[in-house]
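Each chain, written out:
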Amino acid sequence: MSLNLQHVYIGPSNQPILKDISLSVDAGELVALTGMNGTGKTTLIKAIAGEQPLLSGRIEFNKKECSAWSRNELAQILSVLPQRYHLSFPFSVEEVVMLGRSPHKTGLKKDKEIVASALKFSDAFHLRDKLYTQLSGGEQQRVQLARVVCQIWQRRKGVGRILLLDEPNAGLDLAHQQEMFRRLKKLTETGIAGLFVAHDLNLAAQFASRVIVLSKGQIAASGYPEKVFTTENLSRYFRLQAEVTKHPVHAGPLIVPI
Amino acid sequence: MNRAKAHVGHYVFLTISLLLAMAVALSLGTTEIPLKKIIDSLNDFLTFRSASDNTSVILFEIRLPRVLLGFTVGALLGISGAAIQGMFRNPLAEPGILGVSSGATLSVMLAIVLFPGLVTILSNILGLFTLPLFAFIGALVATLIVMTIQAGSGLNTSTLILAGIGVNLLAATGIGLCSYLATDQQLRTLTFWGLGSLSSANWDKVWVCLIGLALCLPVLWLQHQCLNALLLGDSEARHLGFNIQRVKRLVVTFSALAVACAVAFCGLIGFIGLVVPHMLRLIFGPNHKHLLIMSALLGGLLLVLADLLCRLLLSPAELPIGIATASLGTPIFLLLLVKSRSQWI
């Protein structure tokens, strides 16, 4: 297991934000983390990224506890796309993505190749010489995605890589959402444990190998999309009146709010 | 386009402009020294042949130390501005605006007015390093106050500027109190810091500032990768494997040291730290690998020119250099503030 959480509690001890979270993500899996606003999805991503102190429990990467990793070692296998970013200085797109290579010592030539591949991955290669600050929100999102992906681009023998994405589809048009998830799924199949936060349940149903639903700081449901996305679960954990039918093209569930 | 090669060109251009500005600054003044004479005298100077005619004395005891001090102080202010702006992720952050410079000034004044005995004792041990030491303490305290206030507010530009105003006001009150308590003779020393001047330049001060520059520039430059990553955000820099706590401590300490050297010998010279990195960023982008070194070069260049202007305008009298840099810097600061409403808040 690349990513493993055991009985994780976070927050003030009298009123924890997250309670008893145990989950694991294997290399090659793309897992969706979903739930209503304020149920602790971002907090969980931050906790895994080391931004939130744990009240109790443990987090392991590649079977080694998180505190046992050195900063630089961890940065070589764990990459995080935050929900918000504040870059307001006029870096070029290529320079922004190149920052993703800072934990590595692979040399400028190799780094440039990887940056180019990552930019193509997120369909931002044509923007490479533009200034980041002049891009639209969706374009900036794609550049940030390229940066995050190029941080763990290289396959390494016997070392699982982990990708955490907090609402990666925010600001993207529908075509780019579909294409990005198709490519992310392919990318994780090269040996990356992927965990993403998404509010679009149909997107989760279409691309996630498993779904984890948070409700009131706890894991309320988890498993294959067709098991988790039932009319009953949707009304209980999402307060959503919806019909669930079979997707006409792929086999998964299709959620139609009514 | 090969950017690395283009940057070499920019470095060469800046260096040549700097040398030209220095040559002009050496030659112009109340007595004009022709360039030929300067080159001859420099030749003598470097080969340790003593020349004792009047022009040589003016050149080596007055003009050359002054020009070199101008360059060093400008470079110190330039790099501290560039590093602090990077760390605060805000192009408006500047030692003067954040109150770092006035903190340093206050600290020096307090020492002179309230503890003259201590200053005398320390001077016997530390010599010329005494005033920079006091300035350093003041600069460090001011930076830490601003950082503490800023930490609670996320990335708010208004909070940063307001914190700077607060620290500046506090320092101004202290400075006012010092001038009230000061004796007549102390008062004359104090006014010198208020407006900033290079007129007291001598070789000893040049050496101390050069040592400061030789410490600050390499230490800050070594942080350039992390400073770049910090522009993405604190957490993002951490996710990229940087020890941002350590880097921030280094940046705070060494930019305070840079400001301290400048303030201790030349008083308050504002806006170099604001204008220089800003102009460079417009042209070369925010990559600290080049920004820090270029800020040193351009900061030095600007201050040498500003000082020349101050010497020439009212010759034989002198305009305080703080007035020159402020009249250049304030409009740019205000322009940035107006622009920042849409971009940085």
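Check the entry above for the structure.
About the criteria used
Residues numbered from 1 in each chain as written. Chains lettered and ligands numbered in written order. Predicted model: local features only at pLDDT ≥ 70, side-chain atom pairs only at ≥ 80, totals over all residues. Heavy atoms only, no water. Helix = DSSP H or I, 4+ residues; strand = E, 2+ residues; numbered from the N terminus. Rg over C-alpha atoms; globule rule 2.2 N^0.38 Å. Buried < 20%, exposed > 50% of the residue type's maximum accessible area, 1.4 Å probe, protein only. Contact = heavy atoms within 4.5 Å. Lys, Arg positive; Asp, Glu negative; His and termini not counted. Charge placed at Lys NZ, Arg CZ, Asp CG, Glu CD. Pairing = 2+ DSSP bridges. Axes fitted to C-alpha atoms, helices over the stretch in contact; angles between N-to-C directions. 1 Å grid on protein atoms, 1.4 Å probe; cavity = no way out; pocket = protein on both sides within 12 Å on 5 of 7 lines; lining within 4 Å. Points joined across faces, edges and corners; volume = space filled by probe spheres on them. Nonpolar A, V, L, I, M, F, W, Y, C, P; charged D, E, K, R; others polar. Buried area = accessible area lost by both parts, 1.4 Å probe. Salt bridge = Lys/Arg side-chain N within 4 Å of Asp/Glu carboxyl O. Polar contact = N/O pair within 3.5 Å; in protein donor to acceptor, adjacent residues only side chain to side chain. Phe/Tyr/Trp six-rings, centres within 6.5 Å; stacked < 30°, edge-to-face > 60°. Lys NZ or Arg CZ within 6 Å of the ring centre and 35° of its normal.

**Q** Which parts of the structure should I look at to understand the overall build of chain A?
**A** Broken down by element type, chain A carries 9 helices and 12 strands. Taking 2.2 N^0.38 as the reference for a compact globule, 258 residues should give roughly 18 Å; the C-alpha atoms of chain A span a radius of gyration of 18 Å, in line with that estimate. If one aligns the C-alpha atoms of chain A with their principal axes, the spans along those axes are about 55 × 45 × 35 Å. Burial analysis of chain A (258 residues in total) assigns 52% to the buried set. In chain A, the share of contacts with a sequence separation of at least 24, taken over all contacts with a separation of at least 6, comes to 66%. In chain A, 32 side chains carry a positive charge and 23 a negative one; their mean positions are 3 Å apart.

**Q** Help me understand the overall build of chain B, please; the structure alone is not making it clear to me.
**A** A tally of helices and strands in chain B yields 15 helices and 0 strands. Taken over the C-alpha trace, chain B has a radius of gyration of 20 Å; the compact-globule value for 345 residues is 20 Å, and the two agree within 12%. With the C-alpha coordinates of chain B rotated into their principal frame, the extents come out at 65 × 60 × 35 Å. Counting across all 345 residues of chain B, residues that qualify as buried make up 54%. Long-range pairs, those at least 24 residues apart, make up 78% of the contacts in chain B with a sequence separation of at least 6.

**Q** Which parts of the structure should I look at to understand the pairing of strand 10 (residues 218–223) of chain A?
**A** Side-chain direction in a regular strand flips from residue to residue, so the side chains alternate between the two faces of the sheet. All names here are of chain A. With 5 bridges joining them, strand 9 (residues 210–215) and strand 10 adopt antiparallel strand pairing. Paired with Val213 across the bridge in strand 10 is Ala221. Where strand 9 folds back onto strand 10 in an antiparallel hairpin, the turn is made up of 2 residues, including Lys216, whose phi is positive at roughly 50°.

**Q** When you look at the sheet that holds strand 3 (residues 30–35) of chain A in this model, what are you seeing that I'm missing?
**A** Strand-to-strand pairing in sheets goes through backbone hydrogen bonds, with the strands running parallel or antiparallel. All names here are of chain A. Taken in spatial order, the 6 strands make up an open sheet running 6-7-8-3-9-10, and their pairing is mixed. Edge positions in the sheet fall to strand 6 (78–81) and strand 10, since each has one partner strand and no second. Strand-to-strand, the axes of this sheet are offset by a mean angle of 15°, without reference to chain direction. Pairing between strand 6 and strand 7 (residues 161–166): 4 bridges, direction parallel. Each residue of the ladder has a partner; that of Leu78, found in strand 7, is Ile162. Lying over the sheet, helix 5 (residues 137–151) contacts strand 6 and strand 7, oriented at roughly 170° with respect to strand 6.

**Q** So what exactly am I meant to see when it comes to empty space enclosed by the protein here?
**A** The probe, sized like a water molecule, is rolled over the atoms to show the empty space still left. All names here are of chain A. Tallied over the entire structure, the rule returns 2 cavities of 30 Å³ or more. The computed volume of the largest cavity comes to approximately 50 Å³. Around the largest cavity, the lining residues are Phe121, Ser122, Asp123, Arg142, His176, Glu179, Met180 and Arg183. Ranked by residues supplied to the lining of the largest cavity, first place goes to helix 6 (residues 174–188) with 4 residues. When the residues that make up the lining of the largest cavity are grouped by side-chain class, the tally is 2 nonpolar, 2 polar and 4 charged.

**Q** Explain the layout of surface pockets to me, please; I cannot follow it from the model alone.
**A** Of the volumes computed, that of the second largest pocket is approximately 790 Å³. Looking at the second largest pocket, it is lined by 30 residues, and the ones nearest its centre are Arg89, Asp234, Ser235, Arg238 and Lys248 of chain B. Mapped onto the lining of the second largest pocket, the elements with two or more residues apiece are helix 1 (41–48) of chain A together with helix 3 (54–88), helix 6 (130–151), helix 11 (234–239) and helix 12 (244–266) of chain B. Classifying every residue of the lining of the second largest pocket by side-chain character gives 11 nonpolar, 9 polar and 10 charged.

**Q** I tried to follow the interface of chain A and chain B on my own but got confused; where do I start?
**A** Where interface size is given, it is often the accessible area lost as the parts come together that is meant. Taken together, the contact between chain A and chain B spans 27 residues of the former and 26 residues of the latter. Both sides together, the interface formed by chain A and chain B hides about 2200 Å², and carbon and sulfur atoms give 59% of it. The three residues of chain A that bury the most area against chain B are Arg71, His86 and Phe89 of chain A, which together make up 29% of that side's buried surface. Our enumeration of links across chain A and chain B arrives at 1 salt bridge. Across the pair Glu51 of chain A and Arg238 of chain B runs a salt bridge whose closest N-O atoms are separated by 2.8 Å. At the junction of chain A and chain B, the tally comes to 3 residue pairs in polar contact (both at pLDDT 80 or more). Secondary-structure elements contributing two or more residues to the side of chain A that touches chain B are helix 2 (71–77), strand 6, helix 3 (93–99) and helix 5 of chain A. Looking at side-chain class alone, the side of chain A that touches chain B contains 13 nonpolar, 8 polar and 6 charged residues.

**Q** Could you clarify how one ought to interpret the pattern of salt bridges in this entry?
**A** For the structure on display, the rule yields 15 salt bridges over all chains. Here Arg210 of chain A makes a salt bridge to Glu29 of chain A, at a shortest N to O gap of 2.8 Å. One end of the pair, Arg210 of chain A, is in strand 9; the other, Glu29 of chain A, is in the loop between strand 2 (18–25) and strand 3, and 181 residues separate them in sequence. For the pair Arg210 of chain A and Glu29 of chain A, a shared accessibility class is recorded, and that class is buried. A salt bridge links Arg311 of chain B to Asp307 of chain B, with the shortest nitrogen-to-oxygen separation between them at 3.9 Å. Taken together, the positions of Arg311 of chain B and Asp307 of chain B, both in helix 14 (residues 288–313) and 4 residues apart, correspond to about one turn of that helix. Beyond isolated ion pairs, a larger network of salt bridges with shared partners links Arg66, Asp307, Arg311 and Glu318 of chain B.

**Q** Help me understand the packing of aromatic side chains, please; the structure alone is not making it clear to me.
**A** Geometry of an aromatic ring pair is reported as the spacing of the ring centres plus the angle between the planes. Residues and elements named next belong to chain A. The full count for this structure, using the stated rule, is 4 aromatic pairs over all chains. Considering the side-chain rings of Phe121 and Trp153, the 6.0 Å spacing of their centres and the 85° angle between planes classify their relative orientation as edge-to-face. Taken as a pair, Phe121 in helix 4 (residues 108–121) and Trp153 in the loop between helix 5 and strand 7 lie far apart in primary sequence, 32 residues in all. Trp153 gets classed as partly exposed once you look at its relative accessible area, which sits at 25%. Of the aromatic side chains, those joined through ring pairs into one cluster are Phe181, Phe196 and Phe207. If you follow Lys120 out to its NZ or CZ, it ends over the ring of Phe125, 4.7 Å from the centre.

**Q** Sorry, what's going on with the environment of Leu44 of chain A here?
**A** Residues and elements named next belong to chain A. Counting through the fold element by element, Leu44 comes out in helix 1. Expressed as a C-alpha distance, the spacing of Leu44 and Val211, which sit 167 residues apart in the sequence, is 15 Å. Leu44 has contacts with Leu5, Leu18, Ile21, Leu23, Leu33 and Leu214, leaving out every residue within four places of it along the chain.

**Q** Mind showing me how you'd approach the sheet that holds strand 2 of chain A here?
**A** Residue and element names in this part refer to chain A. What the 4 strands build is an open sheet, ordered 2-1-4-5; its pairing is antiparallel. Taken across any chain shown, the strands that pair with only one partner, and hence form the sheet edges, are strand 2 and strand 5 (64–65). Of the pairings in the sheet, the one linking strand 1 (residues 3–10) to strand 2 comprises 5 bridges and is antiparallel in character. Across the sheet, residue Val8 finds its bridge partner in strand 2, namely Ile21. Against the sheet, helix 1 touches strand 1, strand 2 and strand 4 (56–61), its axis set at about 120° to strand 1.

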